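Chain by chain, the residues run as shown.
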Amino acid sequence: TIGYCVGNLNIPGHEVPYENKGWGYPSTLASPLDILIEGSNGASDYGNKFGEPLILGFTRSTGIRTNGGERREWIKPILFTGGFGQMDA
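The structure reproduced in this document is the subject of the present report. As the structure is a prediction and not an experimental result, all values here were calculated from the model.

Let's shift gears to the sheet that holds strand S1 (residues 2-6). Strands sit in the order S2-S1-S5 across an open sheet of 3 strands; the sheet is mixed. At either end of the open sheet lies a strand with only one pairing partner, and these are strand S2 (57-61) and strand S5 (78-81). Strand-to-strand twist across the sheet, computed as the mean angle between neighbouring axes with direction ignored, equals 5°. Bridge analysis of S1 against S5 gives 4 bridges, and the strand direction is antiparallel. Considered in S5, the bridge of Gly 3 is made with Phe 80.

Here is the structure:
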């Protein structure tokens, strides 16, 4: 199981009114869209190598400006992981 919380995705060719294209991100960090694509590929690859494929997950993206003008967004991604299984005793 894996979950990602990232900022606005800004998917090319898919504009939505609640995402602000003018917000910049530090050049040292990957964009939220790249994080979801590359992170998911890496997690799936890792799980498949060890016989533990990803079968559950979630993604959440958000970026808002408060009434006071403050920006609220996940600039650094939040990653949740977990698993389940059994061990012979």
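This brings us to a nonpolar patch on the surface. Together, Phe 58, Ile 78 and Phe 80 make up a nonpolar patch on the protein surface, roughly 250 Å² of accessible area in all. Tracing the chain through its elements places Ile 78 in strand S5. Its relative accessible area of 33% is what places Ile 78 among the partly exposed residues.

Bringing unusual backbone geometry into the picture now. One non-glycine residue with positive phi stands out, namely Asn 10, at about 50°. Mapped onto the elements, Asn 10 comes out in the loop between S1 and helix H1 (32-49).

Quick look at the environment of Asn 10 now. The exposure class of Asn 10 is buried, given its relative accessible area of 18%. For the pair formed by Asn 10 and Lys 21, sequence separation is 11 residues and the distance between their alpha carbons is 6.8 Å. Among residues more than four places away in sequence, those in contact with Asn 10 are Glu 19, Asn 20, Lys 21 and Tyr 25.

What follows covers the pattern of salt bridges. Inspection of every chain in the model, using the stated rule, returns 2 salt bridges. Between Arg 72 and Glu 70 there is a salt bridge; the shortest N-O distance is 3.3 Å. Salt-bridge contacts for Arg 71 lead to Glu 73; the nearest nitrogen and oxygen are separated by 2.7 Å. In this structure Arg 71 comes out as partly exposed when scored by relative accessible area, which is 28%.

The next thing to look at is the packing of aromatic side chains. If you walk through the whole model with that rule in mind, you get 0 aromatic pairs. Between Arg 71 and the ring centre of Tyr 25, over which it is positioned, the NZ or CZ distance is 5.3 Å.

Moving on: the side chain of Asn 8. Here Asn 8 shows up in the loop between S1 and H1. Within polar-contact distance, the side chain of Asn 8 engages the backbone nitrogen of Gly 63 at 3.3 Å. When residues no more than four places from it in sequence are discounted, the contact partners of Asn 8 are Tyr 18, Glu 19, Asn 20, Trp 23, Tyr 25, Pro 32, Thr 62, Gly 63 and Glu 73.

Reading the values: the criteria
Residues numbered from 1 in each chain as written. Predicted model: local features only at pLDDT ≥ 70, side-chain atom pairs only at ≥ 80, totals over all residues. Heavy atoms only, no water. Pairing = 2+ DSSP bridges. Helix = DSSP H or I, 4+ residues; strand = E, 2+ residues; numbered from the N terminus. Axes fitted to C-alpha atoms, helices over the stretch in contact; angles between N-to-C directions. Patch = residues over 30% accessible without salt bridge, like charges linked within 9 Å, V, L, I, M, F, W, Y side chains within 5 Å. Areas by Shrake-Rupley, 256 points an atom, 1.4 Å probe, with all protein chains shown as cover. Salt bridge = Lys/Arg side-chain N within 4 Å of Asp/Glu carboxyl O. Buried < 20%, exposed > 50% of the residue type's maximum accessible area, 1.4 Å probe, protein only. Contact = heavy atoms within 4.5 Å. Phe/Tyr/Trp six-rings, centres within 6.5 Å; stacked < 30°, edge-to-face > 60°. Lys NZ or Arg CZ within 6 Å of the ring centre and 35° of its normal. Polar contact = N/O pair within 3.5 Å; in protein donor to acceptor, adjacent residues only side chain to side chain.

Without other data, these values stay purely geometric and don't point to any function.
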